[in-house]
Amino acid sequence: VSTQSTWDYREFRKVVEQCDVLLEVLDARDPDGCRCPDIEKAILSEFNGKKQIILLLNKIDLIPREVAEAWIAELREEFLVVAFTNMRLGIRNDCVRALTRVLNECSRLGGGGKKRITVGVIGYPNTGKSSVINTLKRQDVVAVGNTPGFTKHTSEVQLSSHVKILDCPGIVFAAERSDAVVLRNAIKVETLDDPVSPIGLILQRVEKAKLLELYQLVEFRDATDFLTQLAVRKGKLGRRCEPLLEEVARLVLKDWNDGRIPYYTVPRKSEGFRMNPLTLPDEAALAAEAVVLHNLPSVAFLK
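Residues numbered from 1 in each chain as written. Predicted model: local features only at pLDDT ≥ 70, side-chain atom pairs only at ≥ 80, totals over all residues. Heavy atoms only, no water.

Q: Explain the overall build of the protein chain to me, please; I cannot follow it from the model alone.
A: Looking only at helices and strands, the protein chain has 13 helices and six strands in total. For the protein chain, buried positions account for 49% of its 303 residues. Long-range contacts, defined here as pairs at least 24 residues apart, represent 69% of the contacts in the protein chain between residues at least 6 apart. When the accessible surface of the protein chain is summed, it comes to about 15,200 Å², and 49% of that surface belongs to carbon and sulfur atoms. (Helix = DSSP H or I, 4+ residues; strand = E, 2+ residues; numbered from the N terminus. Buried < 20%, exposed > 50% of the residue type's maximum accessible area, 1.4 Å probe, protein only. Contact = heavy atoms within 4.5 Å. Areas by Shrake-Rupley, 256 points an atom, 1.4 Å probe, with all protein chains shown as cover.)

Q: Sorry, what's going on with unusual backbone geometry here?
A: Generally, phi is negative for residues other than glycine and the peptide bonds are trans, each holding for most cases. Positive phi, close to 55°, is recorded for Asn-48, a residue that is not glycine. Tracing the backbone through its elements, the reader meets Asn-48 in the loop between helix H3 (37–46) and strand S2 (52–58).

Q: Looking at this structure, I do not really get the nonpolar core. What am I missing?
A: For soluble globular proteins, the rule of thumb is that nonpolar side chains tend to be buried together. If you look at the biggest cluster of nonpolar residues, it comprises 90 residues, and the most contacted ones within it are Ile-54, Leu-57, Ile-60, Leu-99, Ile-199, Phe-226 and Val-252. Ranked by residue count, the leading element in this core is helix H5 (residues 89–106), at eight residues. Not counting residues up to four positions away in its chain, the partners in contact with Val-252 are Ile-199, Ile-202, Tyr-215, Phe-226, Leu-227, Leu-230 and Ile-261. (Core = buried A, V, L, I, M, F, W, Y, C linked by side-chain atoms within 4.5 Å.)

Q: Help me understand the side chain of Glu-74 in this model?
A: Within the secondary structure, Glu-74 is located in helix H4 (residues 65–75). Owing to a relative accessible area of 7%, Glu-74 belongs among the buried residues under this scheme. Residues contacting Glu-74, with those up to four places away along its chain left out, are Asp-32, Pro-267, Arg-268, Lys-269 and Phe-273.

Q: Teacher, can you tell me more about the packing of aromatic side chains here?
A: Given two aromatic rings, one states the distance between the centres and the angle between the planes to describe the pair. For the structure shown, the criterion picks out three aromatic pairs. A ring pair is formed by Tyr-215 and Phe-226, whose centres lie 5.7 Å apart and whose planes are at 80°; its orientation type is edge-to-face. On the criterion of sequence distance, the pair formed by Tyr-215 in helix H9 (residues 208–215) and Phe-226 in helix H10 (residues 223–234) is long-range, its members being eleven residues apart. Each of the two residues, Tyr-215 as well as Phe-226, counts as buried. Members of the aromatic cluster, connected to one another through ring pairs, are Tyr-215, Phe-220 and Phe-226. Between the NZ or CZ atom of Lys-51 and the centre of the ring of Phe-47, over which it lies, the distance is 4.8 Å. The ring of Phe-220 carries Lys-208 above its face, with NZ or CZ at 4.9 Å from the centroid. (Phe/Tyr/Trp six-rings, centres within 6.5 Å; stacked < 30°, edge-to-face > 60°. Lys NZ or Arg CZ within 6 Å of the ring centre and 35° of its normal.)

Right under this line is the structure:
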């Protein structure tokens, strides 16, 4: 495992060891890109299945309803899944209701009583882990920021008499600073040696028409042409009127990280999902989830 720092990994390891439940926060726009299946398998194997993993599809309001439904169905083949957002007031309460219900069920004993559980919130940097905790607690109890690595230390929050939450610093489970990792906002843009390279991946992932509309361009051939035109348009030119491609590339990456560039991935399949009764929330949580999904825009509306 390659991490942002040895300290971050030690904090992650400590959280995993202390917790009964691990809430893995994923960006709903790219759930697979935020997951690390090898880490999930290692946790389940090392602790003999005693650690329960829940996948939280955060920022669910940034993807269409049909895509959200498909991701939930696919991920629910393996783990409990909860849709979540802290941004849209209309569905935020239902998101909180669903997640709270799932966590309370995790603390329920077979005889009807409850046990105290500790929930570790883990995942890549900037997937919204700390914001999830503040939304659950309904007050700002942990600091948040849009900068990767903002959370430096593990924070402890008492959610209820039976549920305690640990906020873990985000770590990068990747062997190198790949373009894909950069686009997860897992690495600070200002520290990149080559901010231009990830722009090519953005152009592959996003429909050209959406980029033309967003940046008010007529046409572009490739990443260099795109950045050159943008530099001229924004006045990002050097002393000899040469386009400052790296400076403009950092601006585009900031737009990407802030969600200004519309983008989402789709699951590998759109039907034929395997129903796993062990990963289905109870009826109350499913009812809250249904309200959340109903209030998301459809694919047709977003086109």
